[in-house]
Amino acid sequence: MIITMKQNTPKEELEKLTSRLEEQGFSIHFSQGKDYTLFGIIGDTSTLDEKLIASNAYVDNVTRIAAPYKKA
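Rules behind the numbers
Residues numbered from 1 in each chain as written. Predicted model: local features only at pLDDT ≥ 70, side-chain atom pairs only at ≥ 80, totals over all residues. Heavy atoms only, no water. Helix = DSSP H or I, 4+ residues; strand = E, 2+ residues; numbered from the N terminus. Buried < 20%, exposed > 50% of the residue type's maximum accessible area, 1.4 Å probe, protein only. Contact = heavy atoms within 4.5 Å. Lys, Arg positive; Asp, Glu negative; His and termini not counted. Charge placed at Lys NZ, Arg CZ, Asp CG, Glu CD. Salt bridge = Lys/Arg side-chain N within 4 Å of Asp/Glu carboxyl O.

*Asks:* Explanation requested: the overall build of the protein chain in the structure shown.
*Replies:* Tallying secondary structure elements over the protein chain gives three helices and four strands in all. Over its C-alpha atoms, taken along the principal directions, the protein chain stretches across nearly 30 × 25 × 20 Å. Within the protein chain, buried positions represent 29% of all 72 residues. Long-range contacts, defined here as pairs at least 24 residues apart, represent 54% of the contacts in the protein chain between residues at least 6 apart. Positive and negative charge centroids in the protein chain, built from 9 and 10 side chains respectively, lie 5 Å apart.

Quick look at the structure:
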């Protein structure tokens with residue numbers, strides 16, 4: 001799963017989301033660019049509710065990654 005955060009998301013909000021996901025047992029691949037910050041969620045994300053994550057005011061998009069892409 002990839003979570004795209006909105007531009008200029010406060011550092012505290014990024015840390016909150018990271019902590020919440022890590023507490024659930026996920027590893028996070030964090031990538032911050034000029035326009036976006038991405039969270040690559042590593043682990044079995046079938047238990048994560050996309051709609052709940054997307055309801056965060058700082059989340060721009062949530063993309064679930066299909067199995068064939070994981071093998072690439």
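*Asks:* Would you take a moment to explain the pattern of salt bridges for this structure?
*Replies:* Side chains that carry opposite charge are capable of pairing whenever their charged atoms lie near each other. Overall, the coordinates contain two salt bridges when judged by the stated rule. Residues E13 and K16 are paired through a salt bridge, measuring 3.3 Å at the closest nitrogen-oxygen approach. One end of the pair is E13 and the other is K16, both in helix 1 (residues 11-23) and three residues apart, which spans about a single turn. For E50, the salt bridge is made with R64, and the minimal N-O distance between the two is 2.7 Å.

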